[in-house]
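Geometric and topological summary
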Amino acid sequence: MKCPARLPLLVVVALLATGSVPVAVAHGRVRAPEPLGVTTTALVSAENARVGVLVRGGAHYCTASVVHSEGRDLIVTAAHCLTGSGSGGIEFVPGYRDGRAPYGVWAVTRTYVGDGWKGRQDEDSDVAFARVGSRGGEEVEDVVGGNRLVAGRGRSPVGEAVTVVGYPKAREVPVWCTNLSTAYGDSQQRIECPGYTGGTSGSPWIDARGRVVGVLGGFQQGGATDDVSYSVVLGGEAAALYGEATSG
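In this report, we go over the structure that sits alongside the text. Fair warning: this is a prediction, and the values are worked out from it, not measured in the lab.

1. So, the environment of Thr163
As for its placement among the helices and strands, Thr163 is situated in strand β10 (residues 160–166). Residues Thr163 and Asn179, spaced 16 residues apart in sequence, show a C-alpha to C-alpha distance of 6.7 Å. In this structure the side chain of Thr163 is engaged in a polar contact, spanning 2.6 Å, whose partner is the side chain of Thr178.

Below you can see the structure in the form of structure tokens.
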């Protein structure tokens, strides 16, 4: 994905002071400034096509997104979306809208969940990866592309503009919201955006350079209210799990 042109520092400061940032600052494309913390229907775009629903038993229940890997077949989501009873038979539908699968349906063939979550459902380990099978000789990243993953951070970023794209179970289209992420302790990050109901677990947090810097989950499996969402800091454990998934 192309990176947006850098805005002069004074312009960025002024926009933050007024409570607005260009979506380009948080999702890699140029648009007019939008208010921070406002949730709307996500646009149809090449970038948003990388985000999709996880489907099990004919219904979508969580969100996932394609991340770049050598095998070009990897998605990232929350660990609690890939574990529990009936965790088999999962499919990924990128760019899902109104019951349609414009980029096909991709079967999950292998999942990667860290020991911290498998052993004790540690909220600081609520991130996971999955590989999906090829279709017609193509991998999912060949079809929709993939965002870079940033992992290995030591602490939560403070004041970073991110866009969260996800699929509420009660809706057939994705929503998005841009706001500033803040630290929640050393191992979690939070963002205030309304309307992130059940089904948005696993939604990617995408920074100004189009990179995944978080995944909706973690504390209270993403938050006890619809207006505040959480993500684990993608630290050493997430980096190691990503390495296992890309080499597996």
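2. Here we look at the sheet that holds strand β9 (residues 128–132)
Read around the closed barrel, six strands run β4-β5-β6-β9-β8-β7, paired in antiparallel fashion. Direction aside, the axes of adjacent strands within the sheet are offset by 45° on average. Pairing of strand β4 (residues 51–56) with strand β7 (residues 91–94) involves four bridges; the strand directions are antiparallel. The residue bridging Leu54 from the neighbouring strand is Phe92, located in β7. Relative to the sheet, helix α5 (residues 236–247) contacts β5 (59–67), β6 (74–77), β8 (106–113) and β9, its axis offset from that of β9 by approximately 15°.

3. Focus: the pairing of strand β15 (residues 228–232)
The element β15 is largely enclosed, with a buried count of five among its five residues. Taking every second residue as pointing to the same face, both faces of β15 are buried, with Val228, Tyr230 and Val232 on one and Ser229 and Ser231 on the other. Two elements, strand β12 (residues 188–192) and β15, share five bridges in a ladder whose sense is antiparallel. Across the sheet, residue Gln188 finds its bridge partner in β15, namely Val232.

4. Regarding the state of the cysteines
Enumeration according to the criterion identifies two disulfides in this entry. Here Cys62 connects covalently by a disulfide to Cys81, the sulfurs 2.1 Å from one another. Its S-S torsion of about -75° marks the bond between Cys62 and Cys81 as left-handed, since a negative value means left-handed. Pair noted here: Cys62 is in strand β5 and Cys81 is in the loop between β6 and β7, with a separation of 19 residues, a long-range link. Summarising the burial analysis for this pair, Cys62 and Cys81 share the class buried. Note on cysteine connectivity: Cys177 is disulfide-linked to Cys193, with sulfurs 2.1 Å apart. The S-S bond linking Cys177 to Cys193 shows a torsion near -75°; that makes this disulfide left-handed. With a gap of 16 residues between them, Cys177 in strand β11 (residues 175–184) and Cys193 in the loop between β12 and β13 (204–206) connect regions that are remote in the sequence. You'll find Cys177 and Cys193 in the same group, each marked buried.

What counts and how
- Residues numbered from 1 in each chain as written.
- Predicted model: local features only at pLDDT ≥ 70, side-chain atom pairs only at ≥ 80, totals over all residues.
- Heavy atoms only, no water.
- Helix = DSSP H or I, 4+ residues; strand = E, 2+ residues; numbered from the N terminus.
- Polar contact = N/O pair within 3.5 Å; in protein donor to acceptor, adjacent residues only side chain to side chain.
- Pairing = 2+ DSSP bridges.
- Axes fitted to C-alpha atoms, helices over the stretch in contact; angles between N-to-C directions.
- Contact = heavy atoms within 4.5 Å.
- Buried < 20%, exposed > 50% of the residue type's maximum accessible area, 1.4 Å probe, protein only.
- Disulfide = S-S within 2.5 Å.

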